[in-house]
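These are the residues of each chain, in order.
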Amino acid sequence: MSEVQQSAVMNTYARSPIAFDRGEGVYLWDTDGRRYLDFYAGIAVNSLGHAHPHLVAALKAQAEKLWHVANLYTIPEGEKLAKRLTENSFADRVFFTNSGVEALEGLIKLARRYHAAGGNPERYRVVTVEGAFHGRSLATIAAANNKKYLDGFGPKVDGFDNVPFGNMNALRDAIGPETAAILLEPIQGEGGIRAADLDYLRQLRAAADEFGILLILDEVQSGNGRTGKMWAHEWAGIEPDAIATAKGIGGGFPMGAILAKEEAARGLTPGTHGTTFGGNPLAMAVGNAVLDVIGEPGFMERVEKVGDYLWDKMAGLVAKHPTVFAGQRGAGLMQGLACQPDVSNLEFLNALREAGLLTVGAGENVIRLLPPLIVEEKHVDEAAAIIDTVAGQWSKKDA
Ligand SMILES: *Cc1c(COP(=O)(O)O)cnc(C)c1O
């Protein structure tokens, strides 16, 4: 008889058997008591690291007061967080969700309703770009148009026109009388830390204005201070009409949001859209606590500074190990190391994990470095030393 332990969890992830037991700051400990330096942060989620005292206190205090009331009633913590998010963005209105994909679905619906409310219900199509990732719902896999995620799930949801990333002519050609919006990530995360040119973003803004359509951005991964600005689009000096965000916004508590200009949100009137859990008091309490910290004077400047430090360290490693690394990408604390074609990013990051450093893969054979925003120079040194050692062994292995 086989003694193999069968997991009751669905087999949708190629999971590592490592199980983490506790975390503190930028470190995680597994159930065997082994310590790891966390440079993936639950995929850009644990923005303030693990067990941040301010977040723990906020969650505990709320847990003792009230967990859930549904959106039929006013949620003061949500009112407060929405106000603060609008003060820290281009937006006037916020809709809270539980996840990134829920924010993206709502964002796409917002764009369609915007035109319907303006008397143009025929405008429902959204132009998207290659290499995108917008989540795993039926609409968002159609939006991103990644064959790997569409395969076997039946006919693609209609309404998306996918064009090459960065190609302004192709994008303009795709805009027609049925187009409602342009949707993209300012920096593609899962696609391989591919940053949109700032000028491309500005041209997209201009094209949206020219054609009377919305520019809607997916800042699920790039937002909430990840790139050294609250929102990645700020680097281009543009204002989108609406964005979807999630991941780091709750510091590890599952939540997301749509942020929109008043005008862009005009179609979302009572009864048109909803969510049971979105904006739940527990999530709102933690969201406010996250903003307390990342909104502190100097916090974002520190993210930018330590991001530059990480960039320089990685530049040194790319130069030192040219047979392993092909280059580097990204901004702030959303960076990627591109591996050479004969080096598998997934094998390399397994070796990094063996050596005590946690990272995550991305498209184009990239290793994503997404440390908590509280990471310090000394942690970057520690990560760089591990990467250096593993890359050194890798080059020898190949020689
Ligand atoms: C993670 C991610 C999503 C999906 O978020 P979920 O919370 O997993 O649904 C969407 N867009 C981008 C850019 C992401 O990184």
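Residues numbered from 1 in each chain as written. Predicted model: local features only at pLDDT ≥ 70, side-chain atom pairs only at ≥ 80, totals over all residues. Heavy atoms only, no water.

Quick look at the sheet that holds strand S5 (residues 125–129) now. The mixed open sheet is built from seven strands, whose spatial order is S4-S12-S11-S10-S7-S5-S6. Edge positions in the sheet fall to strand S4 (93–97) and strand S6 (160–163), since each has one partner strand and no second. Sheet twist, expressed as the average angle between the axes of neighbouring strands with direction ignored, equals 20°. Strands in contact with helix H3 (residues 76–87) are S4 and strand S12 (256–260); relative to S4, the strand with the most contacts, it is inclined by about 125°. Helix-sheet contacts for helix H4 (residues 100–117) involve S4, S5, S6, strand S7 (179–184), strand S10 (214–218), strand S11 (242–245) and S12, and the interaxial angle to S10 is about 175°. (Pairing = 2+ DSSP bridges. Helix = DSSP H or I, 4+ residues; strand = E, 2+ residues; numbered from the N terminus. Axes fitted to C-alpha atoms, helices over the stretch in contact; angles between N-to-C directions. Contact = heavy atoms within 4.5 Å.)

In terms of nonpolar packing, the biggest core is built from 81 residues, with Leu 184, Phe 348 and Ile 387 touching the most fellow members. Counting contributing residues per domain, this core is built from domain 1 (20–52 + 298–398) and domain 2 (66–294), each supplying no fewer than three. Every residue in contact with Ile 387, bar those within four places of it in the chain, is listed here: Met 314, Leu 317, Phe 325, Leu 337, Phe 348, Leu 352, Leu 357 and Leu 369. Counting residues in hydrophobic clusters, the runner-up holds 25 residues, among them Ile 108, Ala 181, Leu 214 and Ala 260. (Core = buried A, V, L, I, M, F, W, Y, C linked by side-chain atoms within 4.5 Å. Buried < 20%, exposed > 50% of the residue type's maximum accessible area, 1.4 Å probe, protein only. Domains from an automatic or database assignment.)

This part takes up the pairing of strand S13 (residues 325–331). Pairing analysis gives six bridges linking S13 to strand S14 (residues 334–339), with the strands arranged antiparallel. Bridge pairing in S14 places Gln 328 opposite Leu 337. Remark: two residues form the turn of the hairpin made by S13 and S14, two consecutive strands paired antiparallel; Gly 332 in that turn has positive phi of roughly 55°.

Attention now goes to the sheet that holds strand S1 (residues 20–24). Consider a sheet: its strands pair through backbone hydrogen bonds, and that pairing is either parallel or antiparallel. As summarised here, the arrangement of the four strands in space is S1-S2-S3-S15, forming an open sheet in which the pairing is mixed. What marks the edges here is a single partner per strand, and that holds for S1 and strand S15 (357–358). Where strand S3 (residues 35–38) meets S15, two bridges bridge the pair, whose relative direction is parallel. Within S15, the residue paired with Leu 37 across the bridge is Leu 357.

A few words on the site of the ligand. As a matter of local geometry, the ligand sits amid Ser 99, Gly 100, Val 101, Phe 133, His 134, Gly 135, Glu 185, Asp 218, Val 220, Gln 221 and Lys 247. In this structure, Val 101 approaches the ligand through a main-chain N or O atom, which is 2.8 Å from an oxygen atom. Take Gln 221: an N or O atom from its side chain is 2.8 Å from an oxygen atom of the ligand. When the residues that make up the shell around the ligand are grouped by side-chain class, the tally is three nonpolar, five polar and three charged. (Near = heavy atom within 4 Å. Polar contact = N/O pair within 3.5 Å; in protein donor to acceptor, adjacent residues only side chain to side chain. Nonpolar A, V, L, I, M, F, W, Y, C, P; charged D, E, K, R; others polar.)

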